[in-house]
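If you want the building blocks of each chain, they are given just below.
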Amino acid sequence: MFDHVTIRVSNREASKRFYETVLSTIGIDETYSGEQFTEWGDFSLAEASAWNPVTHGLHVGFGASSRERVDEFWRAGRAAGYRDDGEPGPRPEYGDDYYGGFLLDPDGNSAEAVHFEDVANGIDHLWVRVGDVAASKRFYETIAPHARIALGTDTPERVQFTGEPGSFSVLSGDHVTQDLHIAFPATENEAVEDFHRAAIGAGYRDHGTPGERPDYHPGYYSAYVLDPDGNNVELVNHNR
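Throughout what follows, the structure given in this document is the object of discussion. Quick caveat, the model's predicted, so the values are computed rather than measured.

### A short note on the packing of aromatic side chains
Thought 1: What the rule picks out here adds up to 18 aromatic pairs.
Thought 2: Here Tyr 94 and Trp 127 contribute two aromatic rings whose centre-to-centre distance is 5.5 Å and whose plane-to-plane angle is 85°, an arrangement assigned as edge-to-face. Here Tyr 94, found in the loop between strand 6 (83–90) and strand 7 (99–104), pairs with Trp 127, found in strand 9 (residues 123–130); they are 33 residues apart in sequence, far enough to count as distant.
Thought 3: For Tyr 94, a relative accessible area of 39% translates into the label partly exposed.
Thought 4: Taking 4.9 Å as the distance between ring centres and 85° as the angle between the ring planes, the aromatic pair formed by Phe 139 and Tyr 204 counts as edge-to-face. Placement of Phe 139 in helix 3 (residues 133–147) and of Tyr 204 in the loop between helix 4 (189–201) and strand 14 (205–212) is noted, with a sequence separation of 65 residues between them. We note that Phe 139, like Tyr 204, is buried.
Thought 5: Taken together, the aromatic side chains of Phe 2, Phe 139, Tyr 140, Phe 161, Phe 168, Phe 184 and Tyr 204 make up a single cluster linked through ring pairs.

### Topic: the sheet that holds strand 7
Within a beta sheet, neighbouring strands are joined by backbone hydrogen bonds and run either parallel or antiparallel to one another.
Thought 1: In space, the eight strands of this open sheet follow the order 6-7-8-5-9-12-11-10, with mixed pairing throughout. In this open sheet, the two edge strands, each paired with only one partner strand, are strand 6 and strand 10 (150–154). Mean inter-strand twist for the sheet, computed between neighbouring axes without regard to direction, equals 20°.
Thought 2: By the bridge criterion, five bridges tie strand 5 (residues 58–63) to strand 9 in an arrangement that is antiparallel. Residue pairing for strand 9: Phe 62 is matched across the bridge by Ile 123.
Thought 3: Seen against the sheet, helix 1 (residues 12–23) touches strand 5, strand 7 and strand 8 (110–115) and runs at an angle of roughly 160° to strand 7.
Thought 4: Running over the sheet, helix 2 (residues 67–79) touches strand 6, strand 7 and strand 8 and is turned about 15° from strand 7.

### Here we look at the pairing of strand 7
Remember that side chains alternate between the two faces of the sheet whenever the strand is regular.
Thought 1: Across the six residues of strand 7, six count as buried, placing the element largely inside the fold.
Thought 2: On strand 7, burial covers both faces: Tyr 99, Gly 101 and Leu 103 on one face and Gly 100, Phe 102 and Leu 104 on the other are all buried.
Thought 3: Of the strand pairs in this sheet, strand 6 and strand 7 are connected by five bridges, and their pairing is antiparallel. When the sheet's bridge partners are listed, Pro 90 is paired in strand 7 with Tyr 99.

Analysis parameters
- Residues numbered from 1 in each chain as written.
- Predicted model: local features only at pLDDT ≥ 70, side-chain atom pairs only at ≥ 80, totals over all residues.
- Heavy atoms only, no water.
- Phe/Tyr/Trp six-rings, centres within 6.5 Å; stacked < 30°, edge-to-face > 60°.
- Helix = DSSP H or I, 4+ residues; strand = E, 2+ residues; numbered from the N terminus.
- Buried < 20%, exposed > 50% of the residue type's maximum accessible area, 1.4 Å probe, protein only.
- Pairing = 2+ DSSP bridges.
- Axes fitted to C-alpha atoms, helices over the stretch in contact; angles between N-to-C directions.
- Contact = heavy atoms within 4.5 Å.

Structure representation (structure tokens):
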């Protein structure tokens, strides 16, 4: 579902230690580390700056291949001194076979290991707390055809969009998620252009017009818009 999700952190080394500690227990290994960011498949972190503040208020669920690996994720984090956000166990409110364990990263974002039938590898789901669920729903419905996501659960308190595989939810909450970057994949440059045109035409804010970004790699073609809470949403075609 996601090409990549990037969070900005207050201390890159501290956050890198956290995610190395817990993600290794569920078979998610570091795939890249460079001057700008550290990456574990479709999840990455980068140092915050004056123009890219720390990401707060995010919940990210990582798929685990078994309940035992969920337990290992949580135990490894607690043994390393990280904060509990929910002991491993069944969560029937999310699904009959849903089993999750939760920790807080150094900046207070909620990281979960989750197992159920057909759980996604890497990032299984994101929960993003928003200031106005209806307004966020309108934004993500606007970009949905281009990002290849579809409306799922739809209530006044929570709206879910699903992909293949995984899900993305916007929901009400006291603490709005801030300064998150989400990138959805595209297979053609024209899809990137259509995504940007649709969002700008609907009155949303531009954050980067369609074009090639060779700083990332040759052929990287993307565009960026801001959702109603100021999170940076990208569509990218890697042309590989």
